[in-house]
Amino acid sequence: MEQMTVTAKIQISVDTDSKVLLDETMSVYSAACNYVSAYVFCTHDLKQFSLNKTLYSVLREKFGLKSQMAQSVFKTVIARYKTILENQKEWIRPSFKKPQYDLVWNRDYSLTRNCFSVNTLNGRVKLPYFAEGMSKYFDHTLYKFGTAKLVNKHGKYFLHIPVTYDIEESSISDICNVVGIDRGINFIVATYDSKHKTGFVSGKAIKQKRAHYSKLRKELQMCQTPSARRRIKAIGQRENRWMQDVNHQVSKALVESNPKHTLFVLEDLSGVRNATERVRTKDRYVAVSWSFYDLEQKLTYKAKQNQSAVIKVNPRYTSQCCPVCGHIEKANRNKKIHLFTCKNCGYKSNDDRIGAMNLYRMGINYLEDSQVPDTVTAE
């Protein structure tokens, strides 16, 4: 068995009195995070023991935080700095602009029969929740809660709770189906599986909607007013939520339409942003902002839940190689009409389908290589 963690986003019901307590606690918690963040930026000290020794009494007296809240502040700031250092490789001071509050399970929050009990600066409050679609996670014989984050979005309050549970491990020997998945813009995904069936998910509607958002942003940027800037921010968040929902639907459909122990083969698109230098300027926005990575993440964890696996392979020549005869030539592919025609054997097909077929073949090769026993060379 292996463990897997997902985030359950549970909406809680808040009355007027509870809202005041939660808002005050979240605001003070964020202010304390900014105070510790400024200290860490000056000292480069990321050790909780020394931060606690220096700043604990300040957080208790100046901000009125309880003991557990003060410790959570240190953990929150340290985690944010470590993420920045890992991604940016330099010391950048994070700013905690939005009110937030990290809650430790069974200390800052707990679950009773019909509500969550949440700790605030002025005692605990009991908050009913909306369990639709989330009730399965409340079985603590199967699921374990971690440190949650209290979030206020558009006047609605949510608990983002990491939930850990056990799943059965799958091995390479269990794989019974291989699916090559070519990701693109005209087709979000093109697939080719072990039954030699091909599937497409069109990206036409997505291109049109994202073009609408892009045009609207340009018009608002020309206004240069505070209300226009607020509108731009709201539109960006709405577009991101919509695109994430699309990726959820696509990844869910891919997993549910294939049996357990399926191997999904994706191109490794780590350098896709650098490749946009060769794309025409007017097409660069679409290429660089397409959410390939988000789809990859969602497919990876959904596949794991279904005892399946995802691997990434080198994307070189996947759209130029003939899956029938193996001939590789750039002229094989006509990007303008999305047609692949092999200059050697004459095989014709959609260029995205060709990519999926080659990824499928690479998945088969991966399985064969994995099952070859290690050989010992005699001296």
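Structure's up top.
Below is a summary of the structure that appears in this document. (Residues numbered from 1 in each chain as written. Predicted model: local features only at pLDDT ≥ 70, side-chain atom pairs only at ≥ 80, totals over all residues. Heavy atoms only, no water.)

**Observations concerning the sheet that holds strand 10 (residues 187-193)**
Right, on to step 1. Strand order in this open sheet of five strands is 11-10-9-12-13, and the pairing throughout is mixed. Among the strands making up the open sheet, the edge pair consists of strand 11 (198-202) and strand 13 (309-313). For this sheet, the mean angle separating the axes of adjacent strands, direction not counted, is 20 degrees.
Right, on to step 2. Bridging between strand 12 (residues 262-267) and strand 13 involves five bridges; their strand directions are parallel. Following the sheet pairing, Val-265 is matched in strand 13 by Ile-311.
Right, on to step 3. Across the face of the sheet, helix 9 (residues 351-371) comes into contact with strand 9 (177-183), strand 10, strand 11, strand 12 and strand 13 while running at roughly 140 degrees to strand 9. (Pairing = 2+ DSSP bridges. Helix = DSSP H or I, 4+ residues; strand = E, 2+ residues; numbered from the N terminus. Axes fitted to C-alpha atoms, helices over the stretch in contact; angles between N-to-C directions. Contact = heavy atoms within 4.5 Å.)

**A few points about unusual backbone geometry**
Right, on to step 1. The phi dihedral of His-154 is positive, around 55 degrees, even though this residue is not glycine.
Right, on to step 2. Residue position: His-154 is located in the loop between strand 7 (148-153) and strand 8 (156-167).
Right, on to step 3. With phi around 65 degrees, His-196 is a residue other than glycine that occupies positive phi space.
Right, on to step 4. Within the secondary structure layout, His-196 lies in the loop between strand 10 and strand 11.

In short, the description is geometric, and any link to function would need to be established separately.
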